[in-house]
Amino acid sequence: MDLRETDEQSALREAVAKLGRSFGHEYFVETSKSGAKSTELWKAAGQQGFLGVNLAEEYGGGGAGVYELQIVAEELAAAGCPLLMMVVSPAICGSVIQTFGTEDQKERWLRRLATGESIMSFAITEPDAGSNSHNISTVARRDGTDYVLSGTKYYISGVDEADAILVVARTGTDDRGRGKLSLLVVPTDAAGLTKTLIPVEMTAPDKQFTLFFDDVRLPAESLIGEEGDGLRQVFQGLNPERIMGAAMGNGIARYALAKAAEYARGRQVWGVPIGTHQGVAHPLALAKINADLARLMTQRAAWLHDEGDPLAGEAANMAKFAAAEAGMAALDQAIQTHGGNGLSTEYGLATLWGSMRLMRTAPISREMILNYVARHSLGLPTSY
C-alpha cells in the first residue's frame, strides 16, 4: 500500500470537495429541517460520476474501488454534507449486486445506481435481530416460481427516496437451527409493503422507517445470488458499509476541526486569540492526531478490501470504531471551542451532532466491534 494517493485519486478528492463546497452545510441543514431530500446534491454527484466510482465501467461506473468511494464520502462530509445513503446504495447494494447479481440484474440496477437515477435501501435489522443475523425472522417462502415475503424490518434508512430495497430474509434453517438467509430486491411500491416513519432527534435529510411485509409477492428474478447463501453474500457489502461509515466520520472530524481552528485564530479574549492558550490548542491538536489516525486506518481498510485481502474485515471494523470515536471527540471539542456559539445553528456544528453520534451505534455498535476484535484478533473466548 502506497500512502501517497495517485494523481487520479487526488483529482477526485479535489473535484468532490469543490462540489461539496458549492452546496455547503447550509444546504444540508435547510433540506433536513424543511423535510426535503438532498436530491439536488445526490444527482449532481451522480452526474459527475462520483456515486458509481466503485462500480465496473461496463455498467456505467468509474471502474475504481471502495477506496475511491470513501474519498467521495469523506470529502462531501468534510464540506458539511454527509450523505448517509452513500453508505447504503452504492457501497452495500452496489457491491453485492456487482459481485453476485446476474447480468440482467447488473444491467438493470448498477447503471442507475451509478448515475444517481436510482437509490436502493438495505434491510437487515429487525426488532428482535440486530447484530445476530441468524435470528432474522422475516421469511421468504417459495410459492410456485415466486417468493412470498413476510416479516418486519426496523430502522431502515432512506426508503422514501429509494426505488427498491435489498432485503435479507430467511429461506430455510440449517442443521443447527440457524436461519439460512437469502437476498431479494423488493420495489418500494410493492403490494403488501407498508412503511412507517420512525421519528428521530437528528438533523439529516435521510429518514428511518419500520417496514412491514405482508405476503409481498416477488418474481424469482428478485433473488440476488444463490438461495441460502445470503449471509456470505451480504458481507461483500458490510465491509464497504463500515469503511464508508468511517469515511463519513473522518469527513465530519475534518469539517469540525477546520471550523474550530478558524474560530480559535480569530476569537480574542483579553487581547489575544483564544488559540494561543494551551487549554484550547492542545485538545484540538489531540483531536487532529486521532482524526488522522482514523483516516489512515480507513484508507488501509479500503485498500485491503479492494485487494481482496482477508484482513479487510478486521481493518474495516477497526476503522469504523476509530473514526466514530475520533469524529465524536473532534466535533465535541469544536463545539467546546466555540463556547455558547457551538450550539448555535449559525455556526454549523451542533447540527452534525446527531449524524456523528450515530456512528458510535450504527451500522454496527462500538461494543460489537470490540467483541469482534476480542474474538477474531485476540482469540479470546466469547460469552455468546
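Here, every reference points to the structure presented above.
Since the model is a prediction, treat every value here as computed from it, not as a measurement.

Each helix and strand in the protein was counted, giving 10 helices and 10 strands. With the principal axes as the frame, the protein shows a C-alpha extent of 80 × 50 × 40 Å. The buried share of the protein, reckoned over its 384 residues, is 52%. Long-range contacts, defined as pairs at least 24 residues apart, comprise 72% of the intrachain contacts of the protein with a sequence gap of at least 6. On the protein, roughly 17,100 Å² of surface is accessible, and the fraction owed to carbon and sulfur atoms is 50%. Averaged over its 35 positive side-chain charges, the protein has a centre that lies 4 Å from the centre of its 46 negative ones.

To continue, consider the packing of aromatic side chains. Ring pairs (aromatic) are described by centroid distance and by the angle formed between their planes. Taken as a whole and judged by the stated rule, the model has 3 aromatic pairs. Between Y154 and Y155, the ring centres sit 4.8 Å apart and the planes meet at 70°, which makes this aromatic pair edge-to-face. Given a relative accessible area of 32%, Y154 falls into the partly exposed group. Their ring planes at 85° and their centres at 5.9 Å tell us that Y263 and Y347 sit as a pair that is edge-to-face. In this pair, Y263 sits in helix α6 (residues 230–266) while Y347 sits in the loop between α8 (312–337) and α9 (353–358), placing the two residues 84 residues apart along the sequence. Relative accessible area serves as the criterion here: at 14%, Y263 is assigned to the buried category. Look at Y347 and you get partly exposed, because its relative accessible area is 24%.

Once that is clear, we can look at the environment of A287. Tracing the chain through its elements places A287 in helix α7 (residues 278–306). Residue classification places A287 among the buried positions, given a relative accessible area of 6%. In sequence terms A287 and A326 are 39 residues apart; their C-alpha atoms lie 6.6 Å from each other. Once you skip the residues sitting within four places of it in the chain, A287 turns out to touch L257 and A330.

The subject of this paragraph is the nonpolar core. Most often, soluble globular proteins keep nonpolar side chains buried together rather than apart. M86, M120, F122 and L166 are the most contacted members of the largest nonpolar core, which totals 95 residues. Discounting residues that sit within four places of it in the chain, L166 has contacts with C93, V96, M120, S121, F122, A123, L183, L184, V185 and I224. Of all hydrophobic cores here, the second largest spans 19 residues; its members include I165, V167, F209 and F213.

Below, the discussion takes up the pattern of salt bridges. Evaluated as defined, the whole model comprises 22 salt bridges. Across the pair E74 and R254 runs a salt bridge whose closest N-O atoms are separated by 2.7 Å. With E74 in helix α3 (residues 66–78) and R254 in helix α6, this residue pair connects regions lying 180 residues apart in the sequence. Relative accessible area serves as the criterion here: at 27%, R254 is assigned to the partly exposed category. A salt bridge links R360 to E325; its shortest N-O distance comes to 2.9 Å. Here the residue R360 occupies a position in the loop between α9 and α10 (366–377), and E325 occupies one in helix α8, the gap between them amounting to 35 residues. You can call E325 partly exposed: its relative accessible area is 23%. Taken together, the shared-partner salt bridges connect E5, R13, E74, E75, R254 and R295 into one network.

Turning our eyes to something else, we now look at the packing of helix α4 (residues 84–100) against α6. Where α4 meets α6, the axes come as close as 8 Å, and the angle between the chain directions of the two elements is 150°. With respect to their mutual orientation, α4 and α6 come out roughly antiparallel. Note that α4 runs across α6; the crossing there is right-handed. Residues L84, M86, V87, A91, I92, S95, V96, T99 and F100 of α4 form the contact with α6, whose own contacting residues are R232, Q233, V234, Q236, G237, P240, E241, M244, G245 and M248.

Here the focus is the environment of R357. Residue position: R357 is located in helix α9. Separated by 108 residues in sequence, R357 and G249 have C-alpha atoms that sit 9.4 Å apart.

Moving on to the layout of surface pockets. The calculated volume of the largest pocket comes to roughly 1,600 Å³. Forming the walls of the largest pocket are 47 residues, and the residues nearest its centre are G130, S131, R242, P363 and I364. Elements represented by at least two residues in the lining of the largest pocket include exactly α4, β3 (146–157), α6, α8, α9 and α10. No other element matches the 9 residues that α6 contributes to the lining of the largest pocket. Reported here for the second largest pocket is a volume of approximately 250 Å³. Together, 15 residues line the second largest pocket, and V200, E201, M202, T203 and A204 are the ones closest to its centre. Among the secondary structure elements, those contributing two or more residues to the lining of the second largest pocket are α1 (7–34), β6 (193–198) and α9. Split by residue class, the lining of the second largest pocket holds 8 nonpolar, 4 polar and 3 charged.

Moving on: the side chain of S89. Structurally, S89 is set in helix α4. Here S89 falls in the buried class, since its relative accessible area comes to 1%. Setting aside chain neighbours within four positions, we find S89 in contact with W42, G94, L113, S118, I119 and M120.

Rules used in this analysis
- Numbers given for residues are sequential positions, taken from 1 along each chain in its written order.
- Selection of residues for local features in this predicted model requires a pLDDT of at least 70, selection of side-chain atom pairs for listing and counting requires 80 or more, and totals for whole chains, interfaces and linings are taken over all residues.
- The basis for every side-chain value is the complete set of heavy atoms in the structure, and neither hydrogens nor water enter the calculation.
- Strands here mean DSSP runs of E at least two residues long; helices mean DSSP runs of H or I at least four residues long; both are numbered from the N terminus.
- Only protein chains enter the accessibility calculation, which uses a 1.4 Å probe; a residue whose area is less than 20% of its type maximum is buried, one above 50% is exposed, and one in between is partly exposed.
- A contact between two residues is defined here by any heavy atoms of the two lying within 4.5 Å.
- Reported accessibility uses the Shrake-Rupley method at a 1.4 Å probe radius. Residues are deemed covered only where the shown protein chains occlude them.
- Under this rule, positive means Lys or Arg and negative means Asp or Glu; His and the chain ends count for nothing.
- To locate a charge, take NZ of a lysine, CZ of an arginine, CG of an aspartate or CD of a glutamate.
- Two rings belonging to Phe, Tyr or Trp (six-membered ring only in the last case) form a pair when the distance between their centres is within 6.5 Å. Interplanar angles under 30 degrees mark stacking, angles over 60 mark edge-to-face geometry, and anything in between is tilted.
- Definition used in this section: a nonpolar core is a set of buried Ala, Val, Leu, Ile, Met, Phe, Trp, Tyr and Cys residues joined via side-chain atoms within 4.5 Å.
- Each salt bridge in this description consists of a side-chain nitrogen of Lys or Arg and a carboxyl oxygen of Asp or Glu lying within 4 Å of one another.
- Each axis is a line fitted through C-alpha atoms, taken for helices only over the stretch in contact, and angles between the N-to-C directions span 0 to 180 degrees.
- We call two directions roughly parallel when the angle between them is under 35 degrees, roughly antiparallel when it is over 145, roughly perpendicular when it lies between 65 and 115, and oblique otherwise.
- Helix crossings get a hand from a simple test, with the near helix turned counterclockwise from the far one by less than a right angle marking a left-handed crossing and a clockwise turn marking a right-handed one.
- Cavities and pockets are defined on a 1 Å grid built over the protein atoms alone: a cavity is a set of grid points where a 1.4 Å probe fits but cannot escape, while a pocket is an open set with protein on both sides within 12 Å along at least five of seven lines, and lining residues are those with an atom within 4 Å of any such point.
- Grid points are joined across faces, edges and corners, and a volume is the space filled by probe spheres set on the points.
- Put simply, Ala, Val, Leu, Ile, Met, Phe, Trp, Tyr, Cys and Pro go in the nonpolar bin, Asp, Glu, Lys and Arg in the charged bin, and everything else, Gly too, in the polar bin.

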